[in-house]
Amino acid sequence: MRLVVASVGRFRGGPLQEMYADYAGRLPWPIELREVEEKKPLKGEKRKAREAELLISAVADGATLIALDEKGKSMTSPEFAKMLGQYADEGIQNLAFLIGGADGHSRATLDKADQLLSLGPMTWPHLMVRGLLAEQLYRASSILSNHPYHRV
């Protein structure tokens, strides 16, 4: 299973990028970060629509899409691991996590997603979400392999 994190915005160095790289580097699955950014000064729904186009174009056709969204399903780490394990067992080849910009995802992105996932009811900076997601992906792989990283 190949993972893609498609995210609005670009890292510019610093601890958030280091955190993401650290956890992404530990994963047993190949993972690729694809950063997209709209340069035009669009506002509101026009900006979200353009970001949606960029995000969707950053992932492989036929990929299973998981959009991170505050209204998505909140899971425990073991539940998240179980979901990833099921995707792997089903032979899912490409799994893409979509992280929207400061204004969130467009309705089109949310409708196209196979699943909506929430990292909790709080709002997180979208660049920070990358590191949080990478850590949870690593934790899930640890749970699936019975590694002691995740202690119950």
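Only a predicted model underlies this, so the values are computations on that prediction, with no experimental measurement involved. (Residues numbered from 1 in each chain as written. Predicted model: local features only at pLDDT ≥ 70, side-chain atom pairs only at ≥ 80, totals over all residues. Heavy atoms only, no water.)

Q: Looking at this structure, how should I read helix α5 (residues 126-144)?
A: Since the α-helix packs 3.6 residues into each turn, any two residues three or four apart lie on the same face. Taking 1.5 Å of rise per residue, the 19 residues of α5 would be expected to cover 27 Å, and the 27 Å separating its terminal C-alpha atoms lies within 8% of that figure. Taken residue by residue, α5 has V129, R130, G131, L133, A134, E135, L137, Y138, R139, A140, S141 and S142 as its buried positions. After α5 finishes, the residue N146 shows a positive phi value of roughly 60 degrees. (Helix = DSSP H or I, 4+ residues; strand = E, 2+ residues; numbered from the N terminus. Expected span 1.5 Å × (residues − 1). Buried < 20%, exposed > 50% of the residue type's maximum accessible area, 1.4 Å probe, protein only.)

Q: Looking at this structure, how should I read the nonpolar core?
A: It is characteristic of soluble globular proteins that their nonpolar side chains tend to be buried jointly. The biggest cluster of nonpolar side chains holds 26 residues, and the ones touching the most others in it are F80, L84, F97, L133 and L137. Broken down by secondary-structure element, the contributors of at least two residues to this core are β1 (2-8), α1 (15-26), β3 (64-74), α3 (77-89), β4 (94-99) and α5. Looking at which element gives the most residues to this core, the answer is α5, with six residues. Aside from chain neighbours lying at most four places away, what touches F80 is M75, F97, L117, L133, Q136, L137 and A140. Counting 15 residues, the second largest nonpolar core, distinct from the first, contains V4, V36, A96 and L98. (Core = buried A, V, L, I, M, F, W, Y, C linked by side-chain atoms within 4.5 Å. Contact = heavy atoms within 4.5 Å.)

Q: Just checking my understanding: could you explain the pattern of salt bridges for this structure?
A: Any two side chains of opposite charge can pair, on the condition that their charged atoms come close. Under the defined criterion, the tally for this structure stands at 14 salt bridges. Among the salt bridges present, the one from E135 reaches R139, with a minimum N-O distance of 2.8 Å. In this pair, E135 and R139 both sit in helix α5, four residues apart, roughly one turn of the helix. An identical accessibility class is assigned to E135 and R139; each is buried. One network of salt bridges, with partners in common, ties together R10, R12, E35, E37, K39 and R130. (Salt bridge = Lys/Arg side-chain N within 4 Å of Asp/Glu carboxyl O.)

Q: Please clarify how the sheet that holds β1 should be interpreted in this entry.
A: Strand-to-strand pairing in sheets goes through backbone hydrogen bonds, with the strands running parallel or antiparallel. Ordered by their spatial adjacency, five strands build an open sheet running β2-β1-β4-β3-β5, and the pairing between neighbours is parallel. Each edge of the sheet is formed by a strand with only one pairing partner; in this case those strands are β2 (31-36) and β5 (115-118). Averaged over all neighbouring strand pairs, the angle between strand axes comes to 30 degrees, with direction disregarded. Bridging between β3 and β5 involves five bridges; their strand directions are parallel. Bridge pairing in β5 places L68 opposite L117. Contacting β1, β2, β3 and β4, α5 runs over the sheet at an angle of about 165 degrees to β1. (Pairing = 2+ DSSP bridges. Axes fitted to C-alpha atoms, helices over the stretch in contact; angles between N-to-C directions.)

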